[in-house]
Amino acid sequence: LAHHPPFITMVQQNMPLSMEALNDISKANSARFARAGASLTFKDLGFAVPLSSGETKSILEPCSGHFEPGELVALMGPSGCGKSTLLDMLAMKKTSVYSGEVLVNGHTRDARSFPRIAVYVGQEDVMPEYWTVREAVKFNAALKTRRPKTKIEGEAPVDLLLAAFGLASVADTYIGGSSVRGISGGQRRRVTLARGVAAQASLMFCDEPTSGLSATDAELCVKALRTIAKALNVLIVVVIHQPRVEVAQMFDQLVLLAANPGRMCYMGPMAQAVSYMESCGRPVPEHVNPADYFLDIVTPGLRLDASDHFAAMFKQHLEPQILSKVEWGLETKGLTIEEMLLAQPGARLGHYAVPFHKQFQQLLRRKLAITLRNPLALVGIGLMLPVVFGTFVGAMFTGFGHQPLLQQMGFVFILITVLGLGGMQLMPILIEERRFMKHETSEALYSEGASVLASFCVDVPLSSVGAALEILIMFSFAGFDPVHLNCIFFGACWRSLFTTRSSASWPPSRLMVSRRRRWQRRSSRSSCFATASSSAKPARRPSCSGFLPSPPTATLCRPSHSTWRRAAVPWGSPCLPAPVTLPARMGRASQFWCP
């Protein structure tokens, strides 16, 4: 491939590869690009939605058809005619119940294996902004094809697709978006198409790939699709709106639908559509784009509307021929989907083309790359926001480490809240990643578990670093003893529940009760509780306040017979269990264990 003269010339000039050059390259790399062709047959395919009144509204009336491998098919019609509905049913993307059946090579489709040979390209270009063009195409190729034996073998199809779609000059440019400048809209659309072709599927469905593009960009997209369809024997079905004359002539087959409800008005070769309209009494005027005229005569409410006439002519003249072709397609059995997959060397059966560890490897590599390139995710949300927030909150609680315990509870509450809500800072990034994750998992590129695990391996360490910086700053401003930082980083919330009691309204936890009973069984000693003052009715809380230093207090002991006594505890009692000496009047035991 690197030494192929047409390839070198067209890459240097940033021109799409010609079909002759692509055929030569495909023959030279037949072991890598060979794929079995797939025909598509559908019979009585229709869709209706129920209304609140109990009736049903027909969106697409039952229709049938048959497409051969290597054809470029155009679905045309006015808005509401059911073009996208028909495409979704053919691509197995329709989740609602519909009638009819769709067969591949005369065999019924399998929901598990059909995404392995079919690719769906939607109307939106859903890709990370900080992804390069080459990485995007290479990502799909790595997750949909067998593992290459050498690096050159893995780069060859990527370079071929970049050249075929005119993207060689922007191969190392970001995809771009609202936060970073990248390639143009037309180039982004071609990248989406190139990603679909990189999967090396036998069926490809494109929903309005030229919408929003200029006439030149639309022609480049369709020209690249035709080149791929003819050179690699791929059946491509495209929903398209009013193509220019040069674009319309590139299609092999035309499916023309009328609206209200969706009905077929023509199905046949694109080159014979003009003569068919003339035979039906509606010749195409001179100097008029035939595609524009076709839409005018099948759109209800327009001056040239003849949708009912053409629907009747279709049932009378074309439908019998199509039904005979459909019956032939149903009877002719080709390769099954499993046999098509096994025909490619090194392929594996199943819903995914590569194992889980390969999916995780590719996702982790992409996640690391886009995180390191995105200053908002790495520096802004990951580091700067926690530092700024920690400085602001820490300044509010300056010197609170030397205040009484009850005045420190506000800082404790804020600290626990920060720990609990720290992950919310990554929600904008996670929501954005969820968009292209849903699209890519629907194409069976990888599983949801691999995506979650890759995000966990990158986002959790980054969030932990930001949370550590935030807590350190808040801790320093408040003036607490750094010795107790381990209580913060290893579960401040749990330590606050089990070792800190603010008032008697907090009932003892089950863990504290079990500990107290265990201590009483071991040494017949009671648990000690401390209070911030020497009031007559003390509050029930441990004498050790975890990481919170407290002033000299009195320790209240609760013997086994539930009688409250009072004993002095020196300043700075340790948090770990330690013996406390009590006066002789307390009873037989002279030492108690304080949790």
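You'll find the structure just up there.
One structure accompanies this document, and this report is about it. (Residues numbered from 1 in each chain as written. Predicted model: local features only at pLDDT ≥ 70, side-chain atom pairs only at ≥ 80, totals over all residues. Heavy atoms only, no water.)

### Re the overall build of the protein chain
Scanning the protein chain from terminus to terminus reveals 22 helices and 15 strands. Within the protein chain, contacts between residues at least 6 apart in sequence are counted, and of these 70% link residues at least 24 apart. Working note: accessible area of the protein chain is about 28,300 Å², and carbon and sulfur atoms make up 58% of it. (Helix = DSSP H or I, 4+ residues; strand = E, 2+ residues; numbered from the N terminus. Contact = heavy atoms within 4.5 Å. Areas by Shrake-Rupley, 256 points an atom, 1.4 Å probe, with all protein chains shown as cover.)

### Focus on the sheet that holds strand S3 (residues 72-76)
Spatially, the 6 strands line up as an open sheet ordered S6-S7-S8-S3-S9-S10, and their pairing is mixed. The strands lining the two open edges of the sheet, one partner per strand, are strand S6 (118-121) and strand S10 (263-269). Adjacent strand axes in the sheet meet at a mean angle of 15° when their direction is disregarded. Across the sheet, helix H4 (residues 83-90) touches S3, S6, strand S7 (203-207), strand S8 (235-239) and strand S9 (253-258), and the angle it forms with S7 is around 155°. Sheet strands touched by helix H12 (residues 290-298): S3, S9 and S10. Its angle to S9, the strand with the most contacts, is close to 30°. (Pairing = 2+ DSSP bridges. Axes fitted to C-alpha atoms, helices over the stretch in contact; angles between N-to-C directions.)

### Looking at the sheet that holds strand S5 (residues 107-108)
Across the sheet, 4 strands lie side by side as S2-S1-S4-S5; this open sheet has antiparallel pairing. A single partner strand is all that each edge strand has here, and the edge strands are strand S2 (56-67) and S5. The pairing of strand S1 (residues 40-50) with S2 spans 8 bridges and is antiparallel. The residue of S2 that forms the bridge with leucine 45 is cysteine 63. Together, S1, S2 and strand S4 (99-104) form the strand contacts of H4, whose direction differs from that of S1 by roughly 125°. Here helix H13 (residues 307-331) sits on the sheet and contacts S1, S2 and S4; the angle it forms with S2, its principal contact strand, is near 65°.

### Considering the pairing of S8
The element S8 is largely enclosed, with a buried count of 5 among its 5 residues. By the alternation rule, side chains of S8 split into Leu235, Val237 and Val239 and Ile236 and Val238, which are all buried. The sheet contact formed by S3 and S8 spans 4 bridges and is parallel. Looking across to S8, one finds that leucine 72 is bridged to isoleucine 236. Summarising the sheet, S7 and S8 pair through 5 bridges and their orientation is parallel. Bridge pairing in S8 places aspartate 207 opposite valine 239. Between the parallel elements S7 and S8, the chain passes through helix H9 (residues 215-232) in a crossover that is right-handed. (Buried < 20%, exposed > 50% of the residue type's maximum accessible area, 1.4 Å probe, protein only. Right-handed = clockwise from strand over helix to strand, strands pointing away.)

### What about empty space enclosed by the protein?
Tallied over the entire structure, the rule returns 5 cavities of 30 Å³ or more. Lining the largest cavity are 17 residues; nearest its centre among them are Tyr120, Asn140, Arg195, Gly196 and His439. Going through the elements one at a time, S6, helix H6 (133-144) and helix H8 (185-198) are the ones with two or more residues in the lining of the largest cavity. Along the lines of polarity and charge, the residues of the lining of the largest cavity split into 7 nonpolar, 5 polar and 5 charged. (1 Å grid on protein atoms, 1.4 Å probe; cavity = no way out; pocket = protein on both sides within 12 Å on 5 of 7 lines; lining within 4 Å. Points joined across faces, edges and corners; volume = space filled by probe spheres on them. Nonpolar A, V, L, I, M, F, W, Y, C, P; charged D, E, K, R; others polar.)

### Structural notes on the pattern of salt bridges
Tallied over the entire structure, the rule returns 18 salt bridges. The partner of arginine 373 in a salt bridge is glutamate 135, and the shortest N-O contact between them spans 2.7 Å. Note that arginine 373 is positioned in helix H15 (residues 356-373) and glutamate 135 in helix H6, a separation of 238 residues in sequence. The partly exposed category is assigned to glutamate 135, whose relative accessible area is 26%. (Salt bridge = Lys/Arg side-chain N within 4 Å of Asp/Glu carboxyl O.)

### Some remarks on the side chain of serine 64
By the secondary structure assignment, serine 64 is in strand S2. Here the side chain of serine 64 touches aspartate 44 through a polar contact of 3.0 Å, landing on its backbone nitrogen. With near-sequence residues (within four places) excluded, serine 64 lies in contact with Phe42, Lys43, Asp44, Met264, Met267, Ile322, Leu323 and Val326. (Polar contact = N/O pair within 3.5 Å; in protein donor to acceptor, adjacent residues only side chain to side chain.)

### So, the pairing of S3
Put simply, side chains in a regular strand alternate between the two faces of the sheet. Summarising burial for S3: 5 of the 5 residues are buried, a large majority. Burial of the side chains of S3 extends over both faces: Leu72, Ala74 and Met76 are buried on one face and Val73 and Leu75 on the other. Summarising the sheet, S3 and S9 pair through 4 bridges and their orientation is parallel. Among the inter-strand pairings, methionine 76 is bridged to a residue of S9, identified as leucine 256.

### A word on a nonpolar patch on the surface
Nonpolar side chains collect at one region of the surface, where Leu421, Met424, Met427, Leu430 and Ile431 lie side by side and expose about 460 Å² of accessible area between them. At 3 residues, the largest contribution of residues to the nonpolar patch is made by helix H18 (residues 427-442). Position of methionine 427 relative to the elements: it lies in helix H18. (Patch = residues over 30% accessible without salt bridge, like charges linked within 9 Å, V, L, I, M, F, W, Y side chains within 5 Å.)

### Remarks on the environment of leucine 378
As for its placement among the helices and strands, leucine 378 is situated in helix H16 (residues 375-396). Leucine 378 sits 84 residues away from leucine 462 along the chain, and the two C-alpha atoms are 7.8 Å apart. Residues in contact with leucine 378, not counting those within four places in the same chain, are Thr371, Leu372, Leu383 and Leu462.

### Comments concerning unusual backbone geometry
Between asparagine 260 and proline 261 the backbone carries a cis peptide bond, its omega angle lying at -10°. Here proline 261 lies in the loop between S9 and S10. One non-glycine residue, methionine 92, lies in the positive phi region at around 60°. Here methionine 92 shows up in the loop between H4 and S4. Of note in this structure, glutamine 242 is not a glycine but carries a positive phi near 40°. Structurally, glutamine 242 can be placed in the loop between S8 and helix H10 (245-248).

### Details of H16
Methionine 384 marks where H16 bends most, by close to 40°; the proline proline 386 follows one to four residues later. Turning to H16, its buried residues number three or more, namely Ala377, Ile381, Gly382, Pro386, Gly390, Val393 and Gly394. Residues of H16 that are buried make contact with helix H17 (405-421), H18 and helix H19 (448-478). (Bend = angle between axes of the 7 residues up to and from the residue.)

### Let's talk about the packing of H16 against H19
To characterise two packed helices, one gives the angle between the axes of the helices and the distance between these axes. It is at 8 Å that the axes of H16 and H19 come closest, and there the two elements cross at 20°. Compared by their axis directions, H16 and H19 come out roughly parallel. Of the two possible hands of crossing, H16 and H19 adopt the one that is right-handed. Of the residues in H19, those in contact with Ala377, Leu378, Gly382, Leu383, Pro386, Val387, Phe389, Gly390, Thr391, Val393, Gly394 and Ala395 of H16 are Leu462, Val465, Gly466, Leu469, Glu470, Ile473, Met474 and Phe477. By residue class, the composition of the contact of H16 with H19 is 14 nonpolar, 5 polar and 1 charged. (Parallel < 35°, antiparallel > 145°, perpendicular 65-115°, else oblique. Left-handed = near helix turned anticlockwise from the far one by under 90°.)

### Some details on the packing of aromatic side chains
Scanning all chains against the criterion turns up 5 aromatic pairs. Between the aromatic rings of tryptophan 131 and phenylalanine 139, the centroid separation amounts to 5.2 Å while the plane-to-plane angle is 70°, which identifies the pairing as edge-to-face. The same class applies to tryptophan 131 as to phenylalanine 139, namely buried. Note on tyrosine 266 and tyrosine 276: the rings are 5.1 Å apart at their centroids and 40° apart in plane angle, and the pair reads as tilted. A residue pair is termed long-range when its members are at least 10 positions apart, and tyrosine 266 in strand S10 and tyrosine 276 in helix H11 (residues 273-279) qualify at 10 residues. Taken as a pair, tyrosine 266 and tyrosine 276 share a single burial class, namely buried. Linked through ring pairs, Trp131, Phe139 and Tyr446 together constitute an aromatic cluster. For lysine 94, the ring lying beneath its charged end belongs to phenylalanine 47, and the centroid distance is 4.5 Å. (Phe/Tyr/Trp six-rings, centres within 6.5 Å; stacked < 30°, edge-to-face > 60°. Lys NZ or Arg CZ within 6 Å of the ring centre and 35° of its normal.)

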